[in-house]
Amino acid sequence: MPQLLQQVGPAGRLLTLEGYEHRGQPLMVTECGGIAFASDERYTWGYSRSISAPEFAERYDALIGTLHRLPLLAGFCYTQFADTYQEANGLLFADRTPKIPIEAIHAATAGKVDARMQALGLSSTEHLV
C-alpha cells in the first residue's frame, strides 16, 4: 500500500497530497464514471460509451460495484449527475430524466450500505443524520 500511494496516478497527479504520508486516512475517489449514453453520438462525449439503457446500467453497476469492493475506499464522487452540453456521461439526461430507472441507480450506488455501516458499528440510518 505505501508504494501504491506514492505512485503518480491519472493526469500526473499523486494519489495523496504531496508531502503527506498516508497514515490510514480515508481514501476517496474524487471523480469517476464518464459512461456516455445519448442518442446523439456525434456531438457528445464520455470516457466510454453505452449504446442502450441496459448496457449503461450494466456498466454503471460494474464500475460502482468495483468501488464498493475496495476495502480502503471511504467514498467516491461519480461524474456527473446530469448531462450538460456535449458531456453525455450523466446519470440523468439534460432534462433530468433518469437514463435508467432511479431504483437501479440507487441500488448500484448504495451497494451493500447496510453491511458497510454494520462493519463501522453504525445502524443503516445513522449515517444519514
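For the structure, check the block above.
Values in this document were obtained by computation on a predicted structure and should not be read as measured data.

Visitor: Explain the nonpolar core to me, and be specific about the residues and the numbers.
Guide: Counting residues in each nonpolar core, the largest one holds 13 residues, and the members touching the most others are Phe-56, Tyr-60, Tyr-78 and Leu-91. Only α2 (53-68), β4 (73-79) and α3 (102-110) provide two or more residues apiece to this core. No other element matches α2, which puts four residues into this core. Leaving out residues up to four positions away in the same chain, Tyr-60 has contacts with Ile-35, Tyr-78, Leu-91, Ile-105, Ala-108 and Thr-109.

Visitor: Quick rundown of the packing of α2 against α3? Include the residues and the values.
Guide: One can describe the packing of α2 onto α3 by two numbers: an axis separation of 8 Å at closest approach and a directional angle of 25°. Considering their axes alone, α2 and α3 lie roughly parallel with respect to each other. Residues Tyr-60, Asp-61, Ile-64 and His-68 of α2 form the contact with α3, whose participating residues are Ile-105, Ala-108, Thr-109 and Ala-110. Residue composition of the contact of α2 with α3, grouped by class: five nonpolar, two polar and one charged.

Visitor: Explain the environment of Pro-54 to me, using residue names and the numbers behind them.
Guide: Following the sequence through the fold, Pro-54 ends up in helix α2. Owing to a relative accessible area of 59%, Pro-54 belongs among the exposed residues under this scheme. Between the C-alpha atom of Pro-54 and that of Lys-99, which follows or precedes it by 45 residues, the distance is 9.5 Å.

Visitor: Could you give an account of the packing of aromatic side chains, with specific residues and numbers?
Guide: Inspection of every chain in the model, using the stated rule, returns four aromatic pairs. Note on Trp-45 and Tyr-47: the rings are 4.8 Å apart at their centroids and 65° apart in plane angle, and the pair reads as edge-to-face. A relative accessible area of 59% means that Tyr-47 is categorised as exposed. Members of the aromatic cluster, connected to one another through ring pairs, are Phe-37, Phe-56 and Phe-93.

Parameters and conventions
- Residues numbered from 1 in each chain as written.
- Predicted model: local features only at pLDDT ≥ 70, side-chain atom pairs only at ≥ 80, totals over all residues.
- Heavy atoms only, no water.
- Core = buried A, V, L, I, M, F, W, Y, C linked by side-chain atoms within 4.5 Å.
- Buried < 20%, exposed > 50% of the residue type's maximum accessible area, 1.4 Å probe, protein only.
- Helix = DSSP H or I, 4+ residues; strand = E, 2+ residues; numbered from the N terminus.
- Contact = heavy atoms within 4.5 Å.
- Axes fitted to C-alpha atoms, helices over the stretch in contact; angles between N-to-C directions.
- Parallel < 35°, antiparallel > 145°, perpendicular 65-115°, else oblique.
- Nonpolar A, V, L, I, M, F, W, Y, C, P; charged D, E, K, R; others polar.
- Phe/Tyr/Trp six-rings, centres within 6.5 Å; stacked < 30°, edge-to-face > 60°.

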